[in-house]
Amino acid sequence: MNPRDNFQFKVTILGSGSCVPQPDRYPSSYFIQPPGISGGWLVDLGSGALQHLAEIKENYQEIQSVFISHVHPDHISSLLPFLQALNYTPNFKRKEPLFIYGPWEVKEYLKRNLGFSISLRRDFPLEFVELRDKKMINQEGWSLISRSLKHSSPTLGFRWEVDGCILVYGADSQFCDALLELAEGANLLILESSFRKDNPNPGHLTTFQAGKIALESSVEKLLLSHLYPGVGNLSLEKRESEVRASGYKGEIIFAEDLMSLNITPR
Ligand SMILES: [Zn+2]
Ligand SMILES: [Zn+2]
């Protein structure tokens, strides 16, 4: 029996932190292994993501697709090093297409940097897929919806569905209707909870607001990430009680770097 038969998605956190340097929380990045897709996906690529991928002994050469939510450095810093590695690793030539999904700003980021910072070989099989609000993608075995969120830079959230199992990534965003719609009925919602309940900041969520979104969207499991030190250094009990104050009764998981979760439909 294929060991993946009993779950739909495997999610490994490569970075549970933010832009603030922390020794045990790298900036945002997730490695996602959907069933039946060899190589897997990278979702956001903050600094250190490739080193953590190597630490869990996964092969960067086989990544099928990359999804980038926005161009803030804590979400995109390892994109160029990733392309550099695929282009310059001795005795390796990427032949399968590498898909990069993201908003227009990511395309522009690549346009400005490729040829200046690094040059890819002429036949490098890079395929950029531009996403925008309410864009739907249907691929063999999976589908995606992207939504524009409310953040200080144009940002997209992602909702993937594989065989009835729904995984949602809320990227960086403050509380907004698009986030509620994107998250509706998710089996796993990955959400930022940057700040403490009593310290709201524009463009981001607090622990309490993240719980509110999970509650209002009837989410099965809530994975809280993008932790600034104020939340990350709090005891688990205190963090969880701030989220529970929202009334959310489902499972709450606080992200730690290199933690893995298997997601099955309920
Ligand atoms: Zn961020
Ligand atoms: Zn951001």
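Draft legend 1. Molecular detail of empty space enclosed by the protein. Counted according to the given criterion, the structure contains one cavity of 30 Å³ or more. If you add up the space inside the largest cavity, you get close to 30 Å³. Ranked by residue count, the leading element in the lining of the largest cavity is strand β11 (residues 188-192), at three residues. Partitioned by chemical class, the residues of the lining of the largest cavity number five nonpolar, three polar and one charged.

Draft legend 2. View of the environment of Ser260. Assignment of secondary structure puts Ser260 in strand β14 (residues 260-263). The sequence separation of Ser260 and Tyr30 amounts to 230 residues, and the corresponding C-alpha distance is 9.8 Å. Among all residues touching Ser260, those that are not within four sequence positions of it are Lys10, Val11 and Thr12. At 2.7 Å, the side chain of Ser260 forms a polar contact with the side chain of Thr12.

Draft legend 3. Layout of the coordination of the zinc ion (ligand 1). At this site the zinc ion (ligand 1) is bound by Asp74 (OD), His75 (NE2), Asp172 (OD) and His226 (NE2), with donor distances of 2.1 to 2.2 Å. Coordination at the zinc ion (ligand 1) is irregular: its four donor atoms span angles of 88 to 162° at the metal. Read N to C, the donor residues that coordinate the zinc ion (ligand 1) are spaced as D-H-x96-D-x53-H. Here the zinc ion (ligand 2) and the zinc ion (ligand 1) are spaced 3.5 Å from one another, each receiving a donor from Asp172. Of this pair, His75 sits in helix α2 (residues 73-76) while His226 sits in the loop between β12 (221-225) and α7 (229-232), placing them 151 residues apart in sequence. Take His75 and His226: they sit in the same class, and that class is buried.

Scoring rules and cut-offs
Residues numbered from 1 in each chain as written. Chains lettered and ligands numbered in written order. Predicted model: local features only at pLDDT ≥ 70, side-chain atom pairs only at ≥ 80, totals over all residues. Heavy atoms only, no water. 1 Å grid on protein atoms, 1.4 Å probe; cavity = no way out; pocket = protein on both sides within 12 Å on 5 of 7 lines; lining within 4 Å. Points joined across faces, edges and corners; volume = space filled by probe spheres on them. Helix = DSSP H or I, 4+ residues; strand = E, 2+ residues; numbered from the N terminus. Nonpolar A, V, L, I, M, F, W, Y, C, P; charged D, E, K, R; others polar. Contact = heavy atoms within 4.5 Å. Polar contact = N/O pair within 3.5 Å; in protein donor to acceptor, adjacent residues only side chain to side chain. Donors = N, O, S within 2.8 Å, 3.2 Å for Na, K, Ca; no water. Tetrahedral: all angles 85-135°; square planar, octahedral: opposite > 155°, others 65-115°. Buried < 20%, exposed > 50% of the residue type's maximum accessible area, 1.4 Å probe, protein only.

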